[in-house]
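Tertiary structure, described
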Amino acid sequence: MVPWASGPRFEQTSAVIRLPDDCAIGFIVEKRLGVSMIHSKLFHSHLENLLLLTPRDIPRQVTLSYGLFEDKMNSVEAKGVFSKEEDPS
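Residues numbered from 1 in each chain as written. Predicted model: local features only at pLDDT ≥ 70, side-chain atom pairs only at ≥ 80, totals over all residues. Heavy atoms only, no water.

Here the focus is the overall build of the chain. If you tally the helices and strands in the chain, you get three helices and two strands. Along the chain direction, N to C, the helices and strands of the chain fall in the order α-α-α-β-β. Radius of gyration (C-alpha) of the chain: 15 Å, far over the 12 Å computed for a compact globule of 89 residues. In terms of its C-alpha atoms, the chain occupies a principal-axis envelope of roughly 40 × 30 × 25 Å. Split into buried and exposed, the 89 residues of the chain put 18% on the buried side. Look at the contacts in the chain between residues 6 or more apart in sequence, and 20% of them connect residues 24 or more apart. Accessible surface, the chain: about 7200 Å² in total, of which carbon and sulfur atoms supply 57%. Averaging the positions of the 10 positive and the 12 negative side-chain charges in the chain gives two centres separated by 7 Å. (Helix = DSSP H or I, 4+ residues; strand = E, 2+ residues; numbered from the N terminus. Rg over C-alpha atoms; globule rule 2.2 N^0.38 Å. Buried < 20%, exposed > 50% of the residue type's maximum accessible area, 1.4 Å probe, protein only. Contact = heavy atoms within 4.5 Å. Areas by Shrake-Rupley, 256 points an atom, 1.4 Å probe, with all protein chains shown as cover. Lys, Arg positive; Asp, Glu negative; His and termini not counted. Charge placed at Lys NZ, Arg CZ, Asp CG, Glu CD.)

In structure tokens, the structure reads:
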């Protein structure tokens, strides 16, 4: 992965393909290294509607992201851990 992900190269790869970091990893693995990835319901990008996840789903997830989706804040509500002042994400 060094030619595409070492040092500043990862950000450059992401910029060249015009996709965020999570998608850039998939691009490097599948298109550059030729390794087929499998779909997992445990990884979540800000490019999907995170509001569809239920509170019961959250403890089983590997990654969650946040951002805008269809011009609305796309995030998962996790009550009781941190206040919005401590962690606005």
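Structure shown, so let's carry the discussion forward.
Attention now goes to the side chain of Gln61. Summarising the element assignment, Gln61 is placed in the loop between α3 (21-32) and β1 (67-69). One polar contact links the side chain of Gln61 to the main-chain carbonyl oxygen of Asp57, over a distance of 2.7 Å. Not counting residues up to four positions away in its chain, the partners in contact with Gln61 are Lys41, Leu42 and His44. (Polar contact = N/O pair within 3.5 Å; in protein donor to acceptor, adjacent residues only side chain to side chain.)

Next up on the list: unusual backbone geometry. With phi around 60°, Arg18 is a residue other than glycine that occupies positive phi space. As for its placement among the helices and strands, Arg18 is situated in the loop between α2 (9-17) and α3. Judged by relative accessible area, Arg18 falls into the exposed class, the value being 75%.

Secondary-structure assignment places Phe69 in strand β1. Under the relative-accessibility criterion, Phe69 is labelled partly exposed at 22%. Those residues in contact with Phe69, other than ones at most four positions away along the chain, are His46, Leu47, Glu48, Asn49 and Asn74.

Running from N to C, α2 and α3 point in directions that differ by 90°, and their axes come no closer than 9 Å. The angle between the axes of α2 and α3 places the two elements in the roughly perpendicular class. Residue-level contacts link Phe10, Thr13, Ser14 and Ile17 of α2 to Asp21, Ala24, Ile25, Phe27 and Ile28 of α3. For the contact of α2 with α3, the per-class residue count stands at six nonpolar, two polar and one charged. (Axes fitted to C-alpha atoms, helices over the stretch in contact; angles between N-to-C directions. Parallel < 35°, antiparallel > 145°, perpendicular 65-115°, else oblique. Nonpolar A, V, L, I, M, F, W, Y, C, P; charged D, E, K, R; others polar.)

Glancing now at α3. Of the residues making up α3, those classed as buried are Ala24, Gly26, Phe27, Ile28 and Val29. Among the structural elements, α1 (2-5) and α2 are those in contact with the buried residues of α3. Of the residues one or two after α3, Gly34 is the one with positive phi, at around 70°.

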